[in-house]
Amino acid sequence: MRLDLTHIQRWIAPGSKVLDLGCGNGEFLQRLALERQVRGLGLEIDPDKITNAVARGLNIVEQDMDAGLSNFPDQSFDTVVMAHALQAVHFPDRVLEEMLRIGRQGIVTFPNFAHWRCRLYLGSRGRMPVSRFMPYNWYDTPNIHFCTVKDFEALCEERGIRILARDMVGNTQRRPLLASAWPNLFAVTAIYLISR
Amino acid sequence: MKTSSVGIVTPQRARFDEPLALACGRVLTAYELVYETYGTLNSARSNAVLVCHALSGHHHAAGYHSAEDRKPGWWDECIGPGKPIDTNHFFVVSLNNLGGCHGSTGPTSINPETGAPWGPDFPSLRVRDWVHSQARLADRLGIDCWAAVVGGSLGGMQAMRWALLYPQRLRHCVVIASAMRLSAQNIAFNEIARQAIQADPGFADGHYLARNTVPAKGLALARMVGHITYLSDDAMADKFGRDLRSGSLELGGEEPAEFQVQSYLRYQGSQFSGSFDANTYILMTQALDFFDLAREYGDDPVAAFRAANCAFLVLSFSTDWRFSPSRSREIVDALIAADRPVTYAEIEANEGHDAFLMPIPRYLALFGAYMQRVRGAC
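Keep in mind that what you see is a predicted model, and the values were worked out from it rather than measured.

**A few points about the overall build of chain A**
Consideration 1: Broken down by element type, chain A carries 8 helices and 7 strands.
Consideration 2: Computed over its C-alpha atoms, the radius of gyration of chain A comes to 16 Å, within 12% of the 16 Å expected for a compact globule of 196 residues.
Consideration 3: Projected onto its principal axes, the C-alpha coordinates of chain A cover approximately 45 × 35 × 35 Å.
Consideration 4: Among the 196 residues that make up chain A, the fraction classed as buried is 49%.
Consideration 5: Across chain A, every contact between residues at least 6 apart in sequence was considered, and the portion connecting residues at least 24 apart equals 65%.
Consideration 6: Within the structure as shown, chain A displays about 9,700 Å² of accessible surface, and the carbon and sulfur contribution to it stands at 52%.

The following block contains the structure:
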């Protein structure tokens, strides 16, 4: 279980309805079903991950977020989750708007590109950062829209999206003091609870 | 996992003497259904799966009728030990639908009122008539609630109708390469098939049995048209290309060239016309054409699916143009809007509509994964 997923679980009400955009192999939805008794639906495009998620007993729909989400009615889910996919979609701003049209609240997690290691890597080597968390080269990465904590909050401000809560995950599992105090510099992963 | 065959199976016959009121307004006073079963019904009677057949299908879905049988049942890839519908865990029921020509009461059966075959006078049927007759077969077998009702193409339509007509009698509905209703193009292909049959002098307005003639050419032509629409352009290119069976395209020769695809189609056509009843073909294509899942729900599929109480698996195939992925997505979108549990995948496959009968690895894996979930609740 990725660290950011354990963080966001507490924002999801027991028995609620959850849409997971880019649900992968369904690990998170399964956990929500077991521990929070949620009614979940996952969207995924990777064939093997879909089979894996279906084998966990989950409801999965093969659908590409980049082709739109207009088939989901307004306010038809309690929570729409998008974990580590914001940076991989073609139009992150449109997906955010859609999340809040479909769900009463949204939960977004993304890697913070302004983390000091990224800055150091880019600043000293002059090359796009490659790390354990972002193991791709610039030409083959699925992550086509990297952003920073500041970028994301600026977009929310511009679009009238309310940030209800945020959580910053630093380098270590210990209490993330640095990441909380200076998130744009020390957060590896940013986690937001948003609504209209 | 290692898979195997259900082995030798023997069809069974159930007779129903309680009249069945049909959608067309007529009543069938008595009828018989031929069916096969695979696997064992558990003591809770909770592991039964109903398999609904497509246009030219029948009850023989898996296994062999004898040791000499060359080919297994039509869905042997998906039914058997270790296969998606795993007979180590499920009790599978597969029947020949009413109006069929493989043993269940249909146009070739004797009309008790006249003592002669029904022929074209057999009542016109709708998908719901099949569903009601299947429900009676379920009663007969002591199955209150199916673990799943499963079907491809026209079979998927039956599965969806089950979900609306008997919401308390199935837990899962598996709809493969199907649609909520046919498009104009799709109806048009069926009309060509019917016209081909009816234009054959041997058809004799459907009274060919009484006249001792056979509309073999018409039936073969109908099958050829259908068969082309079940394959994809790519599949036909792969299978035949422009290969010649005889003759040559060289200049200066008068010997006519014959393409492989021509002889293949003729073979398919003649095989079919020797084993299928023309009136049944007309009846079944009409049931396909007339099916409209949401018609009586104000043409609103969302309202229709609100009547359902089960979870759905919907599958489509990328090169299927007769029942294209977009038709399946309409089903999925309606289910999402109706807040019904749904799983959907579009399987990448070269084989067109026929892909639902083929051992495509992703298809079998996903179908099997879903059926494992069905099993979990048995």
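**Section: the environment of A:Met99**
Consideration 1: Relative to the helices and strands, A:Met99 resides in helix 4 (residues 92-102).
Consideration 2: In sequence terms A:Met99 and A:Tyr121 are 22 residues apart; their C-alpha atoms lie 33 Å from each other.

**Considering a nonpolar patch on the surface**
Residues and elements named next belong to chain A.
Consideration 1: A surface patch of nonpolar side chains, about 500 Å² in accessible area, is lined by Leu122, Met128, Trp138 and Tyr139.
Consideration 2: With respect to the helices, strands and loops of the structure, methionine 128 is situated in the loop between helix 5 (116-125) and helix 6 (149-159).
Consideration 3: Judged by relative accessible area, methionine 128 falls into the partly exposed class, the value being 40%.

**Quick word on the domain arrangement of chain B**
Residue and element names in this part refer to chain B.
Consideration 1: For chain B, the assigned domains read domain 1 (12-181 + 292-376) and domain 2 (187-284).
Consideration 2: Using C-alpha coordinates to define each centre, domain 1 is positioned 27 Å away from domain 2.
Consideration 3: Counting from both sides, the interface comprises 28 residues of domain 1 and, opposite them, 26 residues of domain 2.
Consideration 4: The contact between domain 1 and domain 2 buries some 2,200 Å² in all, and 63% of this surface belongs to carbon and sulfur atoms.
Consideration 5: Among the residues of domain 1 in contact with domain 2, Leu55, Trp321 and Arg322 are the three that bury the most area, contributing 31% of the side total.
Consideration 6: At the boundary of domain 1 and domain 2, one finds 0 salt bridges.
Consideration 7: Where domain 1 touches domain 2, the interface holds 9 residue pairs in polar contact (both at pLDDT 80 or more).
Consideration 8: For the side of domain 1 that touches domain 2, the residue count by class is 12 nonpolar, 12 polar and 4 charged.

**Quick look at the interface of chain B and chain A**
Consideration 1: Residue-level contacts link 17 residues of chain B with 17 residues of chain A.
Consideration 2: With both sides pooled, the region where chain B packs onto chain A buries about 1,500 Å², and carbon together with sulfur makes up 54% of that total.
Consideration 3: Run the count over chain B and chain A and you get 3 salt bridges.
Consideration 4: B:Asp339 is paired through a salt bridge with A:Lys17; the nearest N and O atoms lie 2.8 Å apart.
Consideration 5: Taken together, the connections running from chain B to chain A amount to 10 residue pairs in polar contact (both at pLDDT 80 or more).
Consideration 6: Taken together, the elements giving at least two residues each to the side of chain B that touches chain A come down to helix 10 (325-337), strand 14 (342-347) and helix 11 (361-376) of chain B.
Consideration 7: Ranked by residues supplied to the side of chain B that touches chain A, first place goes to helix 11 of chain B with 6 residues.
Consideration 8: The residue makeup of the side of chain B that touches chain A, split by class, is 11 nonpolar, 1 polar and 5 charged.

**Points about the nonpolar core**
Consideration 1: Of all hydrophobic cores here, the largest spans 111 residues; its most connected members are A:Leu21, B:Trp146, B:Tyr281 and B:Phe305.
Consideration 2: In this structure, this core is formed jointly by two domains, domain 1 (12-181 + 292-376) and domain 2 (187-284) of chain B, each of which donates at least three residues.
Consideration 3: When residues no more than four places from it in sequence are discounted, the contact partners of A:Leu21 are A:Leu43, A:Met65, A:Leu69, A:Val80, A:Val81, A:Met82, A:Ala83, A:Ala85, A:Val95 and A:Met99.
Consideration 4: B:Val9, B:Val150, B:Ala177 and B:Ala355 belong to the second-largest nonpolar core, a separate cluster that totals 57 residues.

**A word on the side chain of B:Thr343**
Consideration 1: With respect to the secondary-structure elements, B:Thr343 resides in strand 14.
Consideration 2: A relative accessible area of 0% places B:Thr343 in the buried class.
Consideration 3: Within the structure, B:Thr343 has its side chain in polar contact with the backbone nitrogen of A:Ile60 (distance 3.1 Å).
Consideration 4: Those residues within four positions of B:Thr343 in sequence are excluded, and the remaining contacts are A:Val54, A:Leu58, A:Asn59, A:Ile60, B:Phe312, B:Leu313, B:Val314, B:Tyr370 and B:Arg373.

Rules and cut-offs
- Residues numbered from 1 in each chain as written.
- Chains lettered and ligands numbered in written order.
- Predicted model: local features only at pLDDT ≥ 70, side-chain atom pairs only at ≥ 80, totals over all residues.
- Heavy atoms only, no water.
- Helix = DSSP H or I, 4+ residues; strand = E, 2+ residues; numbered from the N terminus.
- Rg over C-alpha atoms; globule rule 2.2 N^0.38 Å.
- Buried < 20%, exposed > 50% of the residue type's maximum accessible area, 1.4 Å probe, protein only.
- Contact = heavy atoms within 4.5 Å.
- Areas by Shrake-Rupley, 256 points an atom, 1.4 Å probe, with all protein chains shown as cover.
- Patch = residues over 30% accessible without salt bridge, like charges linked within 9 Å, V, L, I, M, F, W, Y side chains within 5 Å.
- Salt bridge = Lys/Arg side-chain N within 4 Å of Asp/Glu carboxyl O.
- Domains from an automatic or database assignment.
- Buried area = accessible area lost by both parts, 1.4 Å probe.
- Polar contact = N/O pair within 3.5 Å; in protein donor to acceptor, adjacent residues only side chain to side chain.
- Nonpolar A, V, L, I, M, F, W, Y, C, P; charged D, E, K, R; others polar.
- Core = buried A, V, L, I, M, F, W, Y, C linked by side-chain atoms within 4.5 Å.

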